[in-house]
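Architecture and fold: a report
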Amino acid sequence: RSVSRGLGDVYKRQAYQAPEADSSEINDWTVRFDDVLYHLPVPVSELLDHDWTINTKESDTAVLNGKYGYVTLEKGGQKLYCTVHNYGAEATTVRNCFVTSLYGDLDTTKIPISITNGITLGTSESDFLAKAGDAKSEKTEKENSNLTLYTFYSDCLLYTSDAADD
């Protein structure tokens, strides 16, 4: 298979536009980290434009068309783990894919990450639910832990969060 060096067809049709303000809707896919607002899915190239670099040892080299892959981004000694999707018609490098989800923890990602209404890692469950609003969700309690999983829906799966119990 060949690997395309161009951006996916979706990106060619409509250029990415960063949000101008924080969102109050959990289904808007707006996220703020490193003091920059993004709208998911966001092109990996957009993050590279904000001085993030790809850790090639911890990232996929290429992603098949229509498939998902993984990329680890680094900036200032911090790591951000991302799931990426290739919307293009051919396999391509991860730098030409779109970040669909990102992960961090308090040990490796010390950059504050927030979503709707300032929800961040460590937000209490009651505050989380109040800030999430009336969006349709499903609650799952994790066995043998104090974590509760909330999955939010719209027309498709939108956002999953582990919220610590109060």
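Provided above is the structure to which this section pertains.
Fair warning: this is a prediction, and the values are worked out from it, not measured in the lab. (Residues numbered from 1 in each chain as written. Predicted model: local features only at pLDDT ≥ 70, side-chain atom pairs only at ≥ 80, totals over all residues. Heavy atoms only, no water.)

Here the focus is the packing of aromatic side chains. Per the counting criterion, the structure on display carries four aromatic pairs. Ring geometry for F33 against Y38: centres 4.8 Å apart, planes inclined by 25 degrees, an arrangement best described as stacked. A relative accessible area of 0% places Y38 in the buried class. Their ring planes at 80 degrees and their centres at 5.3 Å tell us that Y87 and F98 sit as a pair that is edge-to-face. Highlighted residues: Y87 in the loop between β8 (78-85) and β9 (91-93) and F98 in strand β10 (residues 98-103), separated in sequence by 11 residues. (Phe/Tyr/Trp six-rings, centres within 6.5 Å; stacked < 30°, edge-to-face > 60°. Buried < 20%, exposed > 50% of the residue type's maximum accessible area, 1.4 Å probe, protein only. Helix = DSSP H or I, 4+ residues; strand = E, 2+ residues; numbered from the N terminus.)

With that out of the way, let us pick up helix α3 (residues 125-132). For α3, the full list of buried residues reads E125, F128 and A132. End-on view of α3: buried residues confined to an arc of 60 degrees, all on one side of the axis. (Arc of directions from axis to C-beta.)

So, on to the sheet that holds strand β5 (residues 53-54). Judged by pairing direction, the sheet is antiparallel, and its five strands sit side by side in the order β4-β10-β8-β7-β5 without closing on themselves. Two strands lie at the open edges of the sheet, namely β4 (42-43) and β5, each paired on one side alone. As defined by bridge partners, β4 adjoins β10 across two bridges and the pair is classed as antiparallel. Residue pairing for β10: V42 is matched across the bridge by V99. (Pairing = 2+ DSSP bridges.)

Bringing the sheet that holds strand β3 (residues 36-39) into the picture now. If you trace the four strands from one edge of the open sheet to the other, you get β3-β2-β11-β12, paired in antiparallel fashion. Pairing within the sheet leaves two strands with one partner each, and these edge strands are β3 and β12 (119-120). Pairing of strand β2 (residues 30-33) with β3, which is carried by four bridges, proceeds in the antiparallel orientation. Residue pairing across strands places R32 opposite L37, the latter belonging to β3.

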